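# Geometric and topological summary
Take a look at the letters that make up each chain.
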Amino acid sequence: MSSILVSSNVQNIAENVAKKVTQNLEYNYIGRSFLETIANEFNTTVDRLKKTLNWLKSSKTVSNKSIDLNLAYIQQAVLEKLLNDNVVCEGLAAHFYIKGISHILNVRVISESKKNKNRHENNKNHYYKNFIRMIDPIKIFRTNSNYQFSGIDENDVSMYDIVLDIEKIGIDNVINTIVLMAKDRKFKPMNYSRKMLIDLTLASKFRVLLLSRFSNFRVLADGDTVIVHIKCSKRQKVNIAGEIKAIANRIPEIKFVEVHAVSKLPIPNENIEKKKKTNKICNYSGGC
């Protein structure tokens, strides 16, 4: 069976819908309470993880490195949970970092009530008040940070498999629609979609380790190969590639590494071309 991501412009609506869907389908539920498990696993605090998630909704409340690390922790833990299938996930920003996996149903539930519209306007006013001197704060942050999820507009309907207006159709119809779609054969796991999820999970695991040493890089996985694009000079590339190789050796699933020294990183969430495997571990920049 598929797994389901539920998000909303109103937090309590997403939580309510996700829990009701979980009960209906008898799935496993992960929400904000899962942050305690993540904090324990990665030796951080729930408060830091919450601040990092809240940054996505409001303003830059923590340092760039802290955002990168804490979101990497959340991403790895959530992806590892989703590998088991039959999971309903909400409140963990999964819709930002899980895209294109066919057996994961990505749902957006919106509420356009007057009360919520007023809240949205207040948030906008607060945002612009704090960043009035910055022409495009998101663009600036994306330029200066390794944070791979920046620049994503969660209000873009193309991000989701379905968008439901709870004010128009009611919560019962919202639940029934999600349950019906989750049971559709189009959302059943297939070998290809499972591989994509496994690749994404491996890349996230490697990224957590790399963040302890590097910034300004992108990483993805293809089977037992990981591909790293890192911003560095030609003089630095041999030493950096050697360090990345040593870090990769700590993950048994990784058999091949490609390291590319670049002057400009690929756009966040852009597909990076997967190169042919030729050596067990590449210890130079430029790829295999």
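Below: a short report on this structure.

Parameters and conventions
- Residues numbered from 1 in each chain as written.
- Predicted model: local features only at pLDDT ≥ 70, side-chain atom pairs only at ≥ 80, totals over all residues.
- Heavy atoms only, no water.
- Salt bridge = Lys/Arg side-chain N within 4 Å of Asp/Glu carboxyl O.
- Helix = DSSP H or I, 4+ residues; strand = E, 2+ residues; numbered from the N terminus.
- Buried < 20%, exposed > 50% of the residue type's maximum accessible area, 1.4 Å probe, protein only.
- Pairing = 2+ DSSP bridges.
- Axes fitted to C-alpha atoms, helices over the stretch in contact; angles between N-to-C directions.

Moving on to the pattern of salt bridges. Within this structure, the stated rule accounts for eight salt bridges. Linking Arg108 and Glu154 is a salt bridge whose minimum nitrogen-to-oxygen distance equals 3.6 Å. Of this pair, Arg108 sits in strand β4 (residues 104–110) while Glu154 is found in the loop between α7 (137–144) and β5 (162–165), placing the two residues 46 residues apart along the sequence. The burial state of Arg108 is the same as that of Glu154; both residues are buried. Of the charged contacts in the structure, one is a salt bridge between Arg213 and Glu243, with a shortest N-O distance of 2.6 Å. With Arg213 in the loop between α9 (191–211) and β6 (217–222) and Glu243 in helix α10 (residues 237–248), this pair connects stretches of sequence that are 30 residues apart. For Arg213, a relative accessible area of 44% corresponds to the partly exposed category.

Read from one edge to the other, the open sheet built from five strands follows the order β2-β3-β1-β4-β5, with strand pairing classed as parallel. The outermost strands of the open sheet, each flanked by one partner alone, are β2 (28–30) and β5. Across the sheet, the axes of successive neighbouring strands diverge by a mean angle of 20°, strand direction being ignored. Relative to β4, strand β1 (residues 3–8) runs parallel, the two sharing six bridges. Within β4, the residue paired with Ile4 across the bridge is Leu105.

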